[in-house]
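Single-letter residue listing:
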Amino acid sequence: MSTAIDRPPGDRPQVVAVLGPTNTGKTHLAIERMLGYRTGMIGFPLRLLARENYDKIARLKGPGAVALITGEERILPPAPRWFVCTVEAMPLDREVGFLAVDEIQMMADRDRGHVFTDRLLHARGRNETMFLGAETAKPIIRKLAPGVEFVARPRFSTLSYLGPRKITRLPRRSAMVAFSAAEVYGIADLVRRQRGGAAVVFGALSPRTRNAQVAMYQAGEVDYLVATDAIGMGLNMDIDHVAFAQLRKFDGFSPRRLTDAELGQIAGRAGRHMTDGSFGTTAEIGALESETVSAIEEHRFPALKAVYWRNTDLDFASLAALLASLDARPPLPELVRKREADDHLTLAALAGDAGIADLARGRDAVRLLWEVCQIPDFRKTMSESHVRLVGQIFRHLRGPAGKLPEDWVAAQVARLDRVDGDIDALLARIAHIRTWTYVSHRPAWLADAVHWQERARAVDDRLSDALHDRLTQRFVDRRAAALTRRLNDGDALVAAVTEAGEVLVEGQFAGRLEGFNFVPDRAARDGGRALLAAANKALRRDLGERVRKFSAAEDAEFALDPDGMLRWRDRAIARLTAGEDMLSPRVEPLPADLLEAQHRDAVRRRLVAWLDGHFARMVAPLRALQAAPLTGAARGLAFELSAALGVLPRGRIASQVAALSRLDRRALAGLGVVIGETAAFLPALKNHASVALRALLWSVFHGRREVFASGPRLSLARDPALPPALLAACFFLPAGPLYVRADRLEKFARTVRMLAQRGPFAPTPALAATIGAKPADLAGVLAALGYRAVRETAGVAFVRRTNAPRRRKQPAAPSHSPFAELARLVRP
């Protein structure tokens, strides 16, 4: 196989196949050869490619010298010399000196392959014909077109495999490839959050929208592209790396894995001209098989063994004859008959409509119906609505006027001329207007085709611009993208922290410093690492000053939550953890990436100092008890009382109490200690704030999460979930079915003792009220204090101390005698 074409234009007719991988300059060569002839024609696989190369030639040779012909767009100057077309739209009835077809290996494409095969078999230039494509097409070209000269084109740059990488770690100028709109959207959303944004390219985009997205990427407004395999066909962009996020696609019939050749076609978009490129996968799908990697790097793929074909020698004598000719068998074993093409299916569906069949009589009518059936279904659904629309168009064209009614076309176009709605709504309208763009370029169907071409193009442009705006709004944070580029280029970003803790990057709000933790704004999180990096840099620079302000803060700026969280200016800074004893918890600053060791120590010292002062106010009696210069039994009792946070049942300290001297008792009383019948306690600790603090200290020391709030209650029912030691720390002691506040239990015990001295007594509601209990609970409380029932008369129980001697029954006590004292006790 030769590697160059050295014959000048005008030599004997020749057919050349220029084959090679991507980035070999095949298209450039073909255009150069075409422009060397007086006339020429080239067919591209995509309308976008046709338009791109038309623009190049028009700039080079002038717009009057070149025509553009696609299914949806025609620019025909009076005397064009060269024609740039999509493969399907090539006007083969025109004789030209040079003819070329790009991506000839698409003969193997299930949807469009039969068109490319037809061009290989029948399309020729008068002097030169050139087929461009992959090396895989060489054997089938040799069989179907004997005498073709083959020219190899080596790739200008190398293509290397980099393996799998997380999407967030892909290099700049990367294209991520997926095969569904939903997956493209998901990846683009992630890139927006992490890297500032991405352009998106997929098949359903209009050429104008696709161009705008590509231009945004090419201009460097974003550094990432998320696309389907739509980028695999000759879209020339500055892509350094291609990462496959999926390896399977739905091909219109079923999901399947892409072939190595298809993967190679897409991967080949990386690296342009002499710049090397790379390819790989995203981390989610893992590595490619070594055989696939070798095939892509070496551009070595299995040759095509068969291609799609459809009969082009159609019989328009009748509908039945046309359908039969479409079903004709291929003449060669390498040709596979194309089945279920959209135009064929539409024709078959309309042939079953008696009204359509009646109108399609005669060659001209059948030919017209076939032309109408070739209106593409741009929505790719082949729904009944598309078949109905095609049928309506045919009926109108077979009407008396032989044209589409102006008012009907106007109504169809007008309902699409709206730019409201989301991305999917705009995509649907663009698909519909493309149908009318196609129709408008059939001059015989409309009275004023030029008007409708302009009208459809205007609507398409508005919809396409709106779609580009929606895509950009959703998938691009221009601010974050600009910041990312500046960081990548080594530029410093201006960032600052205000007095209120607001973090500003380039004057934009990026988040807030809460305590010593940076909480990014949602926009900053979505904007990705650019904003966060700049914000963190400013925070670390200003952190020393913030710690200094923290150390000098007034006590009023600090607070301790019931759950053990220490706060500064309402922001969590640290938490309490267990220390050597319950009154000496440790202060542990919360994890904060910004705090270095010396800063953490400074924060801890200030909080410890505040906590000491707070404890001095809230549990002053306990601190005084700990510091008192007591000796002997008094010192031991004080130690145990402070360790228990201020309350000890009498039974636990009987020996210590017995050992107390008169001076010891006087010293303890001077410190506020009450040694009663039921317990030793510090009454000054009964206020709610002190109780809540001691509950917290007990929970922290024991590593528990109990939160106890007694409120104004004098007693509460026993709860197995609440440890007795916790309740004792909270000033509550067990008494039968209840826990009773220590000071009230002591008063209750003294009152009952006074009553018992007069003989049996009744457990009245007034007596129950002294401890905030129900009358029904009194029997259990009295039993816990050593009393029992002796008899019942008229529903009233009499109780006495169990170890008291029996005495004669005394007259009932007057109502004003002990109960006057009880009335005083129950008053708040």
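Reading the values: the criteria
- Residues numbered from 1 in each chain as written.
- Predicted model: local features only at pLDDT ≥ 70, side-chain atom pairs only at ≥ 80, totals over all residues.
- Heavy atoms only, no water.
- Helix = DSSP H or I, 4+ residues; strand = E, 2+ residues; numbered from the N terminus.
- Buried < 20%, exposed > 50% of the residue type's maximum accessible area, 1.4 Å probe, protein only.
- Contact = heavy atoms within 4.5 Å.
- Areas by Shrake-Rupley, 256 points an atom, 1.4 Å probe, with all protein chains shown as cover.
- Polar contact = N/O pair within 3.5 Å; in protein donor to acceptor, adjacent residues only side chain to side chain.
- Patch = residues over 30% accessible without salt bridge, like charges linked within 9 Å, V, L, I, M, F, W, Y side chains within 5 Å.
- Salt bridge = Lys/Arg side-chain N within 4 Å of Asp/Glu carboxyl O.
- Lys, Arg positive; Asp, Glu negative; His and termini not counted.
- Charge placed at Lys NZ, Arg CZ, Asp CG, Glu CD.
- Pairing = 2+ DSSP bridges.
- Axes fitted to C-alpha atoms, helices over the stretch in contact; angles between N-to-C directions.
- Phe/Tyr/Trp six-rings, centres within 6.5 Å; stacked < 30°, edge-to-face > 60°.
- Core = buried A, V, L, I, M, F, W, Y, C linked by side-chain atoms within 4.5 Å.
- Arc of directions from axis to C-beta.
- pLDDT = per-residue confidence, 0-100.

Draft legend 1. The arrangement of the overall build of the protein chain in detail. Scanning the protein chain from N- to C-terminus turns up 30 helices and 34 strands. For the protein chain, the residues scored as buried account for 50% of the 828 residues in total. In the protein chain, 67% of the contacts between residues at least 6 apart in sequence involve partners at least 24 apart. Looking at the protein chain as shown, the accessible area adds up to about 37700 Å², and 53% of this sits on carbon and sulfur atoms.

Draft legend 2. Representation of the side chain of Asp223. Mapped onto the elements, Asp223 comes out in the loop between helix H6 (207-218) and strand E12 (224-227). There is a polar contact of 3.0 Å between the side chain of Asp223 and the side chain of Arg172.

Draft legend 3. A negative patch on the surface, seen in detail. A surface patch of negative charge is lined by Glu406, Asp407, Asp448 and Glu454. For Asp407, the position within the fold is in helix H14 (residues 406-414).

Draft legend 4. Inspection of unusual backbone geometry at higher detail. Even without being glycine, Asn23 reaches a positive phi, approximately 60°. By secondary structure assignment, the location of Asn23 is in the loop between strand E1 (14-19) and helix H1 (26-35). The exposure class of Asn23 is buried, given its relative accessible area of 7%. Positioned with a positive phi, Asp570 is a non-glycine residue whose angle comes to about 70°. With respect to the helices and strands, the residue Asp570 is situated in the loop between strand E24 (565-568) and strand E25 (571-577).

Draft legend 5. Geometry of the pairing of E1. Counting buried residues along E1, six of its six residues qualify, which places the element largely inside the surrounding structure. What you see with E1 is no split at all: Gln14, Val16 and Val18 on one side and Val15, Ala17 and Leu19 on the other are buried throughout. Alignment of E1 against strand E8 (residues 149-152), held across four bridges, turns out to be parallel. Paired with Val16 across the strands is Glu149, a residue of E8.

Draft legend 6. Quick look at the pattern of salt bridges. Applying the stated criterion across every chain yields a total of 42 salt bridges. Put simply, Arg47 and Glu73 hold a salt bridge, and the shortest N to O gap is 3.7 Å. Of this pair, Arg47 sits in helix H2 (residues 47-61) while Glu73 sits in the loop between strand E3 (66-69) and strand E4 (74-75), placing them 26 residues apart in sequence. The exposure class assigned to Glu73 is buried, which follows from its relative accessible area of 5%. Residue Asp417 pairs with Arg455 through a salt bridge whose shortest N-O separation is 3.2 Å.

Draft legend 7. Highlighting the sheet that holds strand E20 (residues 502-505). Taking strand neighbours across the sheet as the criterion, the four strands line up as E19-E20-E21-E22 in an open arrangement whose pairing is antiparallel. Looking at which strands have only one partner, the edges of the open sheet turn out to be strand E19 (495-497) and strand E22 (517-520). In this sheet, neighbouring strand axes are inclined to one another by 25° on average, regardless of whether the strands run parallel or antiparallel. Judged from the four bridges that link them, strand E21 (residues 508-514) and E22 form a sheet pairing that is antiparallel. By the bridge assignment for E22, Gly511 is matched with Pro520.

Draft legend 8. Molecular detail of the environment of Ser655. The topology assignment puts Ser655 in helix H23 (residues 654-658). Residue classification places Ser655 among the exposed positions, given a relative accessible area of 56%. On a C-alpha basis, the gap between Ser655 and Leu637 in space is 9.9 Å, while along the polypeptide they are 18 residues apart. Of note is the side chain of Ser655, whose polar atom sits 3.2 Å from the side chain of Gln656.

Draft legend 9. Seen up close, the packing of aromatic side chains. This model, assessed by the stated rule, comprises eleven aromatic pairs. Their ring planes at 75° and their centres at 5.5 Å tell us that Trp408 and Trp436 sit as a pair that is edge-to-face. One end of the pair, Trp408, is in helix H14; the other, Trp436, is in helix H15 (residues 423-440), and 28 residues separate them in sequence. A residue is classified by how much of its surface remains accessible, and Trp408, at 14% relative accessible area, is buried. Residue class for Trp436 comes out buried when judged on its relative accessible area of 4%. For the pair Phe516 and Phe550, a centre-to-centre distance of 5.4 Å together with 70° between the ring planes defines the contact as edge-to-face.

Draft legend 10. Structural context of the nonpolar core. Counting residues in each nonpolar core, the largest one holds 93 residues, and the members touching the most others are Phe516, Leu566, Leu607 and Leu668. Apart from residues no more than four positions distant in its own chain, Leu668 is found in contact with Leu625, Leu630, Ala634, Leu637, Leu660, Val673 and Ile675. Listed in part, the 65 residues of the second largest apolar core include Leu350, Trp370, Leu416 and Ile423.

Draft legend 11. Seen up close, helix H29 (residues 775-784). Listed in full, the buried residues belonging to H29 are Leu778, Val781 and Leu782. One side of H29 carries all its buried residues, which in axial view fall inside an arc of 95°. Seen from the open side of H29, the exposed residues pointing more than 90 degrees away from its buried face are Ala776 and Ala779.

Draft legend 12. View of the sheet that holds strand E28 (residues 674-675). Ordered in space as E27-E29-E28, the three strands form an open sheet in which the pairing is antiparallel. Each edge of the open sheet carries a strand with a single partner, namely strand E27 (647-649) and E28. As defined by bridge partners, E28 adjoins strand E29 (residues 679-681) across two bridges and the pair is classed as antiparallel. Bridging across to E29, Val674 finds its partner in Phe681. Helix H22 (residues 632-643) rests against E27, E28 and E29 of the sheet, and its axis sits at about 110° to E27.

Draft legend 13. Geometry of the pairing of strand E31 (residues 732-735). Pairing of E31 with strand E32 (residues 738-741) involves four bridges; the strand directions are antiparallel. Note that in E32 the partner of Leu733 across the bridge is Val740. The loop that links E31 with its antiparallel partner E32 comprises two residues; one of these, Gly736, has a positive phi angle of about 60°.

Draft legend 14. Focus on the confidence of the model for the protein chain. The pLDDT averaged across the protein chain works out to 86; a share of 89% of its residues lies at or above 70. Per-residue pLDDT stays below 50 along residues 804-828; that stretch engages in 26 contacts with residues further than four places along the chain or on separate chains.

Draft legend 15. Looking closely at the side chain of Ser278. By secondary structure assignment, the location of Ser278 is in strand E16 (residues 277-282). According to the relative accessible area criterion, Ser278 is buried, its value standing at 10%. Side chain to side chain, Ser278 and His241 meet in a polar contact 2.7 Å long. If sequence neighbours within four positions are ignored, Ser278 has contacts with Leu159, Ser160, Leu162, Asp240, His241, Val242 and Ala270.

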